[in-house]
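Structural characterization, general
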Amino acid sequence: MNESSSLETLRDTLINSSGSTPLSDRFRALFYLKSIGSNHENDPKNAQLAIDYISQAFNDDSELLKHEVAYCLGQTHNLNAAPTLRNVLEDLNQQCMVRHEAAEALGALGDSNSLELLIKYFNDPNELLEIKQTCELAIERIKWENSKLSKEEILQKSLYESIDPAPPLPLNNSTDKIDKLKNILNDNNQPLFQRYRAMFRLRDLGTDDACLALSSGFNDDSALFKHEIAYIFGQICNPITVPSLIDVVQRDYEAPMVRHEAAEALGSIATPETLPVLKNLLNDKDEVVRDSAIVALDMWDYENSNEIEYAKV
Ligand SMILES: [Fe+2]
Ligand SMILES: [Fe+2]
């Protein structure tokens, strides 16, 4: 399998139709399909097929794979992915991380047609906190994207290709001050969207001090909030974050969602001290963390080898 494999070969690898496809190959197939699904302006027919094939993976059992599937659909800029994502959010048989990622993906697509559904889950007192908070962010992101403010604000151009759950705070004097951003980040009285905007501003500053400010967020109560910081650390790849990621991944009280993201971040940073930690996680009590260790070790090997090409995420 490679980038020019047929769509059907990629689908078969993704959904593991042989029954013996390694998880890391399934992820690679997903990333290739995602780039085809994103190309809907130039090749709408294949883009639609790619979206349909990716969506078939929601029948799988792997929480890790399916959450990545939802994430990838949200990154395609392709609104044809929205109906499937809405179904996944509504499907209470899907695991928490999968439904979370589906809600976040609807926000990433900026899909105004999903607002009603997102508001419903945000207001549902019986809903899991991770889902409610994700819906809150997705609602605010969609509103922001369609607001006058988004046209007026001047944002630093991101170094990363990801569509994030919130834009960074706009450029002005106070948003270059790390202490001020750190205060907003950790201020439970601020709306979550605003705290995320400070988080992404810190990511885009990207200095050692900005990373240390971000790691202070690992003391928060919200699993969602902490998993996003771990995700960002996997993007920044600054070794200064390694001690805090190792601490988080080894907390036995920590939510699997957070530990999963910390494991994958360690796989991308891939410094020598991360290897024994990741190997240990292959026997973790949580399946999603064990699966993350497989993926993280694959990334670790890549970072420490001379391979030129890994699926472009
Ligand atoms: Fe997530
Ligand atoms: Fe994740």
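Note that the coordinates shown come from a computational prediction; the quantities given were computed from them, not determined experimentally. (Residues numbered from 1 in each chain as written. Chains lettered and ligands numbered in written order. Predicted model: local features only at pLDDT ≥ 70, side-chain atom pairs only at ≥ 80, totals over all residues. Heavy atoms only, no water.)

**Observations regarding the overall build of the chain**
Our working rule: Note on conventions: DSSP H or I runs of at least 4 residues are helices, E runs of at least 2 residues are strands, and numbering of each starts at the N terminus. Here the globule rule is a power law, 2.2 Å times the number of residues to the power 0.38, and the radius of gyration is based on C-alpha atoms. The contact criterion used throughout is that any non-hydrogen atoms of two residues lie within 4.5 Å. The Shrake-Rupley method, run with a 1.4 Å probe, gives the accessible areas here. Residue values count only the displayed protein chains as cover. In this tally, Asp and Glu contribute negative charge and Lys and Arg positive charge; neither His nor the terminal groups of the chain are included. Positions of charges follow a simple convention, taking NZ of Lys, CZ of Arg, CG of Asp or CD of Glu.
Helix and strand counts for the chain come out as 17 helices and zero strands. The C-alpha radius of gyration of the chain comes to 19 Å, within 12% of the 20 Å expected for a compact globule of 313 residues. Taking the principal axes of its C-alpha atoms as reference, the chain extends roughly 55 × 45 × 40 Å. The long-range fraction of contacts in the chain, counting pairs at least 24 apart against all pairs at least 6 apart in sequence, stands at 66%. A total of about 14000 Å² of accessible surface is found on the chain, and carbon and sulfur atoms cover 48% of it. The chain carries 29 positive and 51 negative side-chain charges, and their two centres are separated by 4 Å.

**Quick word on the coordination of the iron ion (ligand 1)**
Under the convention used in this document: Donor atoms (N, O, S) are those found within 2.8 Å of the metal centre, with the cutoff raised to 3.2 Å for Na, K and Ca; water is not part of the atom list, so apparent gaps in a site can occur.
The iron ion (ligand 1) binds to the protein through H100 (NE2), E101 (OE) and H227 (NE2), with metal-donor distances spanning 2.2 to 2.5 Å. Each donor residue of the iron ion (ligand 1) lies on one chain, and together they are spaced H-E-x125-H.

**Some points on the side chain of D291**
For clarity, the cut-off: Only protein chains enter the accessibility calculation, which uses a 1.4 Å probe; a residue whose area is less than 20% of its type maximum is buried, one above 50% is exposed, and one in between is partly exposed. Think of a salt bridge as a Lys or Arg side-chain nitrogen and an Asp or Glu carboxyl oxygen that are within 4 Å of each other.
Mapped onto the elements, D291 comes out in helix α17 (residues 287-303). Lacking a salt bridge, the buried D291 has R290 as its closest oppositely charged neighbour, with an N-O distance of 5.9 Å.

**Considering the coordination of the iron ion (ligand 2)**
Around the iron ion (ligand 2), the donor atoms from the protein are H67 (NE2), H260 (NE2) and E261 (OE), and they sit 2.1 to 2.2 Å away. Taken as a pair, the iron ion (ligand 2) and the iron ion (ligand 1) lie 4.6 Å from each other. Of the two residues, H67 is situated in helix α4 (residues 63-74) and H260 in helix α15 (residues 256-269); the sequence distance between them amounts to 193 residues. Under the relative-accessibility criterion, H67 is labelled buried at 4%. A residue is classified by how much of its surface remains accessible, and H260, at 0% relative accessible area, is buried.

**Quick look at the packing of helix α1 (residues 7-14) against helix α2 (residues 23-37)**
A pair of packed helices is characterised by two quantities: the angle between their axes and the separation of those axes. Inclusion rule: Each axis is a line fitted through C-alpha atoms, and for a helix only the stretch in contact is used; angles between axes span 0 to 180 degrees, taken between their N-to-C directions. Oblique is the label for any angle not covered by the other classes, which are roughly parallel (under 35 degrees), roughly antiparallel (over 145) and roughly perpendicular (65 to 115). It is the rotation of the near helix from the far one that decides the hand of a crossing: anticlockwise by less than a right angle makes it left-handed, clockwise makes it right-handed. In this classification, the charged set is Asp, Glu, Lys and Arg, the nonpolar set is Ala, Val, Leu, Ile, Met, Phe, Trp, Tyr, Cys and Pro, and all remaining amino acids, among them Gly, are polar.
Viewed as axis vectors pointing N to C, α1 and α2 meet at an angle of 140°, and their least axial separation amounts to 8 Å. Classified by the angle between their axes, α1 and α2 sit oblique to one another. The way α1 lies across α2 gives a crossing that is left-handed. Counted together, L7, L10, R11, T13 and L14 of α1 and D25, R26, A29, L30, Y32, L33 and I36 of α2 form the full contact between these two elements. In terms of residue class, the contact of α1 with α2 is built from eight nonpolar, one polar and three charged.

**A word on unusual backbone geometry**
Of note, the phi angle at C237 is positive, near 55°, even though the residue is not glycine. For C237, the position within the fold is in the loop between α13 (223-236) and α14 (242-249). When its relative accessible area of 31% is taken as the criterion, C237 is described as partly exposed. Backbone geometry places A270, a non-glycine residue, at a positive phi of 55°.

**Side note on the domain arrangement of the chain**
You'll often see interface size given as the accessible area lost when the parts meet. Cut-off, in case you're wondering: Segment limits for the domains were obtained from an automatic or database-derived domain assignment. By buried area we mean how much accessible surface two parts lose on assembly, using a 1.4 Å probe and totalling the loss over both.
Entries for the chain in the domain assignment read domain 1 (1-152) and domain 2 (155-313). The straight-line distance from the C-alpha centre of domain 1 to that of domain 2 is 20 Å. Listed per partner, the contact involves 29 residues of domain 1 and 32 residues of domain 2. For the pair domain 1 and domain 2, the summed buried surface comes to about 2700 Å²; carbon and sulfur atoms form 66% of the total.

**Some remarks on the UniProt feature "binding site: Fe cation 2" (unreviewed entry) in the chain**
Selection rule: UniProt positions are given in the numbering used here, feature names are shortened, and annotations may be inferred rather than shown by experiment. For this analysis, a polar contact is any N or O atom pair within 3.5 Å, provided that within protein one partner can donate a hydrogen and the other can accept it, and provided that sequence-adjacent residues contribute only side-chain to side-chain pairs.
According to UniProt, the feature "binding site: Fe cation 2" (unreviewed entry) maps to H227, E228, H260 and E261 in the numbering used here. In terms of the greatest pairwise C-alpha distance, the residues named above, spread along 35 residues, form a tight cluster of at most 11.0 Å across. H260 has contacts with L64, H67, M97, V288, V289 and S292, leaving out every residue within four places of it along the chain. A distance of 3.1 Å separates a polar atom in the side chain of H260 from a polar atom in the side chain of H67. Assignment of secondary structure puts E261 in helix α15.

**Some words on the environment of A230**
Position of A230 relative to the elements: it lies in helix α13. A230 sits 172 residues away from F58 along the chain, and the two C-alpha atoms are 25 Å apart. Filtering out sequence-adjacent residues up to four positions away, A230 remains in contact with F218, L245, V258, E261, A262 and A265.

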